[in-house]
Amino acid sequence: MKRQAKTRAWHHRHVNDYFVRQSVEQGYRSRAAYKLIELDERDRLLRPGMLVVDLGCAPGGWCQVAAERLRGQGRVIGIDLIEMVGMNGVTFIQGDFTADAALTELEVAMRGQRADLVISDMAPNISGVVVADQARAYHLAELALEFAERWLQPNGAFLVKVFQGAGFEDYVRRARMAFASVMIRKPKASRDSSREVYLLARSPKSGTRAED
Ligand SMILES: C[S@@+](CC[C@H](N)C(=O)[O-])C[C@H]1O[C@@H](n2cnc3c(N)ncnc32)[C@H](O)[C@@H]1O
């Protein structure tokens, strides 16, 4: 298919997509919001009073869902490479999560408090070279896991987008070493055609790393 035809086909699929229509009707900034809504309904991830850290948060669908569920009690801190329009109850940091400066800014915003929930929907820009894209995605997921191990409460939870294929089994093994429980989820809003799944890990075994 020619490039222009592919773009037209993508646009047609997108506007006719059930979750895109729902997000427009219900005022969510992304169809991704419905992934977190489903996972929260199933796994009870969000409660008032929590500190939630959202890695790769723009345009803000997950932040909206988290802020709604916290009902004004607790905090949501989001970080993204690109600008995100401000939102009540959400502290936003624009920066590269892989860079020391942005990580420090994030840790300062946490004010020494451990997170109850770390969520990462980060995805690199797709180059089309599958091997390189997969490696970049796993680099982000690996750094997110290290962050979660270091900054989660002992009974905290970590939700991260990962892609099936090269690196998947190793990542699940690594998560099982670091957390007491690890599950794989494929929410309905995640397209069947996508290799993306979500890994949900609970209770880091490291316990006290933030004070190291
Ligand atoms: C699928 S989108 C997230 C959608 C979001 N969960 C929502 O509900 O609106 C992935 C995001 O990851 C961000 N991202 C990718 N690499 C990043 C990095 N190194 N640091 C921070 N954000 C990054 C991208 O800029 C993009 O906005």
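The structure under discussion appears in the preceding block.
What you see as residue numbers is a count from 1 along each chain, following the sequence as written. Local features in a predicted model are, by the rule used here, given only for residues with pLDDT of at least 70; side-chain atom pairs are given and counted only at 80 or more, and totals for whole chains, interfaces and linings are based on all residues.

A.B. asks: Got a sec to walk through the site of the ligand? Specific residues and values, please.
C.D. replies: In this entry, near means the residue's backbone-placed C-beta atom lies within 6 Å of the molecule or strand. Of all residues adjacent to the ligand, which total 23 residues, the nearest are Ala-32, Gly-56, Gly-61, Phe-97 and Asp-121. In DSSP terms, a helix is any run of H or I states spanning at least four residues, a strand is any run of E spanning at least two, and both are numbered starting from the N terminus. Among the elements of the structure, helix H4 (61-70) and strand E2 (74-80) are those that each provide at least two residues to the shell around the ligand. Residue classes follow a fixed rule: Ala, Val, Leu, Ile, Met, Phe, Trp, Tyr, Cys and Pro count as nonpolar, while Asp, Glu, Lys and Arg count as charged, and any other residue, Gly among them, counts as polar. Here the residues of the shell around the ligand are counted per class, giving 14 nonpolar, 5 polar and 4 charged.

A.B. asks: With reference to specific residues and values, describe the packing of helix H6 (residues 130-151) against helix H7 (residues 168-178).
C.D. replies: Two numbers describe how H6 lies on H7: the axes approach to 11 Å, and their chain directions differ by 5°. Compared by their axis directions, H6 and H7 come out roughly parallel. Along its contact with H6, which presents Tyr-138, Ala-141, Leu-145 and Glu-149, the element H7 presents Tyr-171, Arg-174, Ala-175 and Ala-178. Note on geometry: axes are C-alpha line fits, over the in-contact stretch for helices, and angles between N-to-C directions span 0 to 180 degrees. Any angle from 65 to 115 degrees is called roughly perpendicular, while one under 35 is roughly parallel, one over 145 is roughly antiparallel, and all others are oblique. Note on contacts: residues are paired as contacts if their backbone-placed C-beta atoms lie within 7 Å.

A.B. asks: Quick rundown of the packing of helix H3 (residues 33-43) against H4? Include the residues and the values.
C.D. replies: For the pair H3 and H4, the least separation of the axes is 7 Å and the interaxial angle reads 40°. Relative to H4, the element H3 is oriented oblique. For H3 against H4, the interelement crossing comes out right-handed. In this structure, H3 contributes Ala-33, Leu-36, Ile-37 and Asp-40 to the contact, and H4 contributes Gly-61, Trp-62, Gln-64, Val-65 and Arg-69. Whether a crossing is left-handed or right-handed is set by the direction in which the near helix is turned from the far one by less than a right angle, anticlockwise for left-handed and clockwise for right-handed.

A.B. asks: Provide a residue-level description of the nonpolar core, including the pertinent values.
C.D. replies: With 55 residues, the main nonpolar core has Val-118 and Phe-158 as its most contacted residues. With residues near it in sequence (within four places) discarded, Val-118 still touches Val-53, Leu-55, Phe-147, Ala-148, Trp-151, Leu-152 and Phe-158. For our purposes the nonpolar core covers buried Ala, Val, Leu, Ile, Met, Phe, Trp, Tyr and Cys residues that link as a set through C-beta atoms within 7 Å. Residue burial is a threshold on neighbouring C-beta atoms within 10 Å of the residue's own C-beta, all placed from the backbone, with 20 or more meaning buried, 12 or fewer meaning exposed, and counts in between meaning partly exposed.

The values are spatial; any link to function lies outside them.
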